[in-house]
Amino acid sequence: MLKYTSFEIVFQEVPDEVTLAFSISNCPHRCINCHSAYLRDDVGIELTQLVITKLLDKYSGEVSCVCFMGGDANKDDLFDMASFVKQIGLRTAWYSGDNNISDDKFLSVFDYIKVGEYIEKLGGLKQKTTNQRLYKITDMQLEDMTYKFWEHI
Ligand code: SF4
């Protein structure tokens, strides 16, 4: 089961997309100086297809992408939920705390995947020093588009 603690419409987390982003709890990672430690706990509301459908109805026509910020502890459920979003016809994104994409099957249901643990001294995606990467996925192929976060620096 996936649980979310909040959602919002965001414009920068996935370049060139208007994104409905869910913060998913129960993060299995333990990055030092985690910026969102509350997400390590198994808290929040169950994320169901109905929740997503209702929000997409509410923001009808405004959203081009749904992003799951987390979900690394429940990857089977994450895969199923991303498949559902793809069937609706929207693009899908996953912000993972893993350092690598653990299974190629995710390349078939996500249009974007961010990988890389949080290392405070290297910074997040908006810092050129970051270890994190955001990939765009087309036909199972990865394109590193992390540079898009640096265009206005
Ligand atoms: S992946 Fe994110 S939420 Fe999880 S421990 Fe690392 S910084 Fe915190």
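In what follows, the structure referred to is the one given above.
Let me begin by describing the structure that accompanies this report. (Residues numbered from 1 in each chain as written. Predicted model: local features only at pLDDT ≥ 70, side-chain atom pairs only at ≥ 80, totals over all residues. Heavy atoms only, no water.)

1. Remarks on the pairing of strand 1 (residues 3–10)
Successive side chains on a regular strand alternate, one facing one side of the sheet and the next facing the other. Here strand 1 pairs with strand 3 (residues 45–46) via two bridges, running antiparallel. Within the sheet, the bridge partner assigned to Y4 lies in strand 3 and is I45. Both strand 1 and strand 2 (residues 19–24) contribute to a ladder of six bridges, which runs antiparallel. Residue pairing in the sheet places I9 in a bridge with L20 of strand 2. (Pairing = 2+ DSSP bridges. Helix = DSSP H or I, 4+ residues; strand = E, 2+ residues; numbered from the N terminus.)

2. Re the side chain of S64
In this fold, S64 is placed in the loop between helix 1 (49–58) and strand 4 (65–69). Looking at S64, its side chain comes within polar contact range of the side chain of E17, at 2.6 Å. Setting aside residues up to four positions removed in sequence, S64 forms contacts with E17, V18, L90 and R91. (Polar contact = N/O pair within 3.5 Å; in protein donor to acceptor, adjacent residues only side chain to side chain. Contact = heavy atoms within 4.5 Å.)

3. Here we look at unusual backbone geometry
Keep in mind that most residues, glycine aside, have a negative phi and that most peptide bonds are trans. Despite not being glycine, D16 shows a phi value in the positive range, around 70°. When you line up the elements, D16 lands in the loop between strand 1 and strand 2. With a relative accessible area of 63%, D16 lands in the exposed category. Even without glycine at this site, N26 takes up a positive phi of about 65°. For N26, the position within the fold is in the loop between strand 2 and strand 3. On the accessibility criterion, N26 (26% relative accessible area) is partly exposed. (Buried < 20%, exposed > 50% of the residue type's maximum accessible area, 1.4 Å probe, protein only.)

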